[in-house]
Structure formats: structure tokens, C-alpha cells
Amino acid sequence: MTHSGKAIDVLLVEDDPGDELMTREAFEFNKVGNNLHVVRDGEQALEFLYRRGEYADAVRPDLILLDLNLPKYDGRQVLEKIKSDPDLADIPVVILTTSGAEEDILRSYRLHANAYVTKPVDLDQFIAAVRQIDDFWVQVVRLPGRH
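Residues numbered from 1 in each chain as written. Predicted model: local features only at pLDDT ≥ 70, side-chain atom pairs only at ≥ 80, totals over all residues. Heavy atoms only, no water.

(A) Structural context of the overall build of the protein chain. Scanning the protein chain from terminus to terminus reveals 5 helices and 5 strands. Tracing the protein chain from N to C terminus, the helices and strands come up as β-α-β-α-β-α-β-α-β-α. Out of the 147 residues belonging to the protein chain, those deemed buried represent 48%. For the protein chain, the proportion of contacts with a sequence separation of at least 24, taken over those separated by at least 6, is 65%. Accessible surface, the protein chain as shown: approximately 7,600 Å² in total, 50% of it carbon and sulfur. (Helix = DSSP H or I, 4+ residues; strand = E, 2+ residues; numbered from the N terminus. Buried < 20%, exposed > 50% of the residue type's maximum accessible area, 1.4 Å probe, protein only. Contact = heavy atoms within 4.5 Å. Areas by Shrake-Rupley, 256 points an atom, 1.4 Å probe, with all protein chains shown as cover.)

(B) Expanded view of the packing of aromatic side chains. One pass over the structure, following the stated rule, counts 1 aromatic pair. For the ring pair phenylalanine 48 and tyrosine 55, a centre distance of 5.6 Å and an interplane angle of 55° mean the geometry is tilted. Comparing phenylalanine 48 with tyrosine 55, the two get one shared label, buried. (Phe/Tyr/Trp six-rings, centres within 6.5 Å; stacked < 30°, edge-to-face > 60°.)

(C) The arrangement of the pattern of salt bridges in detail. The full count for this structure, using the stated rule, is 11 salt bridges. With a closest N to O distance of 3.8 Å, lysine 72 and aspartate 41 form a salt bridge. Here lysine 72 is found in the loop between strand S3 (63-66) and helix H3 (75-84), whereas its partner aspartate 41 is found in the loop between strand S2 (35-39) and helix H2 (42-49), with 31 residues between them in sequence. Judged by its relative accessible area of 59%, lysine 72 falls in the exposed class. According to the relative accessible area criterion, aspartate 41 is buried, its value standing at 7%. Among the ionic pairs, lysine 119 bridges to aspartate 67, the shortest N-O distance being 3.9 Å. Here the residue lysine 119 occupies a position in the loop between strand S5 (115-118) and helix H5 (123-140), and aspartate 67 occupies one in the loop between S3 and H3, the gap between them amounting to 52 residues. Judged on exposure class, the residue lysine 119 and its partner aspartate 67 are both buried. Connected via shared salt-bridge partners are Glu14, Asp19, Asp67 and Lys119. (Salt bridge = Lys/Arg side-chain N within 4 Å of Asp/Glu carboxyl O.)

(D) Broad picture of empty space enclosed by the protein. Counted according to the given criterion, the structure contains 2 cavities of 30 Å³ or more. Approximately 40 Å³ is the volume attributed to the second largest cavity. What lines the second largest cavity is Val10, Phe27, Leu63, Leu65, Val130, Ile133, Asp134 and Val138. Elements supplying a minimum of two residues to the lining of the second largest cavity: S3 and H5. Per-element tally for the lining of the second largest cavity: the top contributor is H5, with 4 residues. Taken together, the residues of the lining of the second largest cavity break down into 7 nonpolar, no polar and 1 charged. (1 Å grid on protein atoms, 1.4 Å probe; cavity = no way out; pocket = protein on both sides within 12 Å on 5 of 7 lines; lining within 4 Å. Points joined across faces, edges and corners; volume = space filled by probe spheres on them. Nonpolar A, V, L, I, M, F, W, Y, C, P; charged D, E, K, R; others polar.)

(E) View of unusual backbone geometry. Look at arginine 51: it is not a glycine, yet its phi comes out positive at around 55°. Relative to the assigned elements, arginine 51 resides in the loop between H2 and S3. Given a relative accessible area of 40%, arginine 51 falls into the partly exposed group.

(F) Examining the nonpolar core more closely. Val13, Ile64, Leu66 and Ile95 are the most contacted members of the largest nonpolar core, which totals 23 residues. Residue assignment for this core shows that the elements contributing at least two residues are strand S1 (9-13), H2, S3, H3 and strand S4 (93-97). Broken down by element, the residue count for this core peaks at 4 residues, all from H2. Beyond its immediate stretch of four places on either side in the chain, isoleucine 95 contacts Leu66, Leu68, Leu79, Ser108, Ala113, Ala115, Tyr116 and Val117. (Core = buried A, V, L, I, M, F, W, Y, C linked by side-chain atoms within 4.5 Å.)

Put into C-alpha cells, the structure is as follows:
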């Protein structure tokens, strides 16, 4: 929740059920009152963002947590699409991925990712990382459209 007490909508784009579960647990552990929406591949992410098909009634997310290694469209393609679309470009995108490769980090920032976080393997560290993402992006940063 923002410092004004409003819940935000977070879109998690994650194909690994284990990582999705850890993210959900981190939100619950931190008593994060935000709404977590999950899609499993790049195609579903774009359907959600453009409110097409089964996502016609989807909310506009306030923050996107995006894995890079996804089926159909990978996270780099999704990030490029988001940041090149004037209607979506102002949504902060945090890359949350297992890749620590310098080329992935550099490419993500060149595609205008707002942050790049390498997923810790350890559950406690993963929970701590998600908490820090929440603390920064929800408590500290002022998100577009939120007052």
C-alpha cells in the first residue's frame, strides 16, 4: 500500500509456479495489501496490458514485475513493447529474473527498465528482495496517477 494507504495493482509476469508462489508468500509475509495479478507468458502479459480477450476487464497495473525468460514473447520483447507505447511507458517495470548476465542487465536498462533485480534462490532472501521492491516502489517512489 502507498503511504497514503491506497493499495496498488502489481502485474507479475512469471512462468515458474515456484517463483510465483514465493512472490505471493513474500506479499503475504510482508502483509502487503496490494493486488497481485499474475500472467504466465509474454503473450498473456500483452493481452493483460491491452485488455484483450480474457483480460478485457483487467486493471491498469501500477507496477510490473517482469521475468526475462518467458515463453511466447520473452521479457525483453514485452519490456520493449511496454516502453515504446505512450499509453504504457509510464508504468514502472522491475525486471525480476534469475539472470545475472551483464548483457541482460545492460539490454534491460537500454530498453528503459526501471530496475533490475536478480532473484535470490533462498526463500528468505527472495522474500527480503520482494519486500525491498515493495518498500521502494510503493512507500518511497511516487507512482504515476497516485496522489
